[in-house]
Amino acid sequence: MKNFNQNKKMVDFWEDVHKKKRVRYLSPNRPDFNIKILEIEQLLLKDITYLEVGIGQGSLLKEINKKTKNCYAVDISKTSLMLSKKYIKRGWLNTELFNLPHNFFDLITCLLVFQHIDDKELKNHLYHIIPSLKTDGIYACQFAFGLNDYEIFNNKYFCEEQLQKGLSFRTLDKMVNLIQIFNGKITIKGFHKFENIGWYILHISKK
Ligand SMILES: C[S@@+](CC[C@H](N)C(=O)[O-])C[C@H]1O[C@@H](n2cnc3c(N)ncnc32)[C@H](O)[C@@H]1O
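Residues numbered from 1 in each chain as written. Predicted model: local features only at pLDDT ≥ 70, side-chain atom pairs only at ≥ 80, totals over all residues.

S.K.: Just to check I follow, could you spell out the nonpolar core for this structure?
M.R.: Generally speaking, soluble globular proteins have nonpolar side chains that are buried together. Counting 44 residues, the largest nonpolar core has Leu-51, Leu-61, Ala-73, Ile-108, Tyr-139 and Cys-141 as its most contacted members. With eight residues, strand 5 (residues 133-146) is the single largest residue contributor to this core. The contact partners of Tyr-139, leaving out residues within four places of it in the chain, are Ile-108, Ile-129, Ile-130, Leu-133 and Ile-204. (Core = buried A, V, L, I, M, F, W, Y, C linked by C-beta atoms within 7 Å. Buried ≥ 20, exposed ≤ 12 C-beta atoms within 10 Å, placed from the backbone. Helix = DSSP H or I, 4+ residues; strand = E, 2+ residues; numbered from the N terminus. Contact = placed C-beta atoms within 7 Å.)

Right, here's the structure in full:
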């Protein structure tokens, strides 16, 4: 899976968000909230090799950079990688995931990103991300779903507006199934409710 059809409109959208610092789309959550919700406090050991996917304004990277200088990043936006370059050893665009080293990361995190990507990209993502974990590495990620019939979920063909708003919801069954296809082992760490939206927090390791 070297190539997947990148949706140019989504690239332009995120470039605009980062260039204009449209905070509404960038998530204003504090890094301590992100660390807590992803349940990674115990995993943030000194000098670990760490990758964040979908870095926003880099606040989590900045925080984790205090514990380890072995930080790396993936984002859809060149601007976001450029703005966080002082916190990372190297960055990749989401279209360059095939360049990720295998058996390399102790910890990978991804928060508030799956709800912005379609199934084709999610499959490409899992195909490349899971092999980049060390044998005992952990991929801590979050995905969203609608509560109380809020918006549809499990829709195979998410439209751009849904993707931009972060409304590409998935069921737990669907996520578990996909992750297992790509040789991931799952621990469900958390379940949170925010009005009409639910989040699952998963820790994935290699099978
Ligand atoms: C809602 S922000 C979340 C930022 C951060 N993870 C947080 O929780 O504060 C989404 C981030 O993911 C990036 N992004 C969007 N689509 C992506 C994709 N397909 N692959 C990688 N990053 C993506 C955006 O550029 C942005 O930095």
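S.K.: Would you explain the pairing of strand 1 (residues 50-53) in this entry?
M.R.: In regular strands, side chains alternate between the two faces of the sheet. Going residue by residue along strand 1, you find Tyr-50 and Glu-52 tucked away on one face and Leu-51 and Val-53 tucked away on the opposite face as well. Examined bridge by bridge, strand 1 and strand 2 (residues 71-75) share four bridges and lie parallel to one another. When the bridges of strand 2 are listed, Tyr-50 appears paired with Cys-71. Traced from strand 1 through helix 4 (residues 59-64) to strand 2, the parallel crossover comes out right-handed. (Pairing = 2+ DSSP bridges. Right-handed = clockwise from strand over helix to strand, strands pointing away.)

S.K.: Can you walk me through the pairing of strand 3 (residues 90-93) in this structure?
M.R.: As defined by bridge partners, strand 2 adjoins strand 3 across four bridges and the pair is classed as parallel. Following the sheet pairing, Asp-75 is matched in strand 3 by Leu-93. This β-α-β element, strand 2 to helix 5 (residues 78-83) to strand 3, shows right-handed connectivity.

S.K.: Is there a simple way to explain the sheet that holds strand 5 in this structure?
M.R.: Across a sheet, paired strands are connected by hydrogen bonds in the backbone, their directions being either parallel or antiparallel. Within the open sheet, the seven strands sit side by side as 3-2-1-4-5-7-6. Their pairing is mixed. Bordering the open sheet on either side are strand 3 and strand 6 (184-194), each of which pairs with just one other strand. Ignoring strand direction, the axes of neighbouring strands in this sheet form an average angle of 15°. As defined by bridge partners, strand 4 (residues 105-110) adjoins strand 5 across five bridges and the pair is classed as parallel. Bridge assignment links Phe-105 to a residue of strand 5, and that residue is Leu-133. Relative to the sheet, helix 8 (residues 172-181) contacts strand 5, strand 6 and strand 7 (197-206), its axis offset from that of strand 6 by approximately 155°. (Axes fitted to C-alpha atoms, helices over the stretch in contact; angles between N-to-C directions.)

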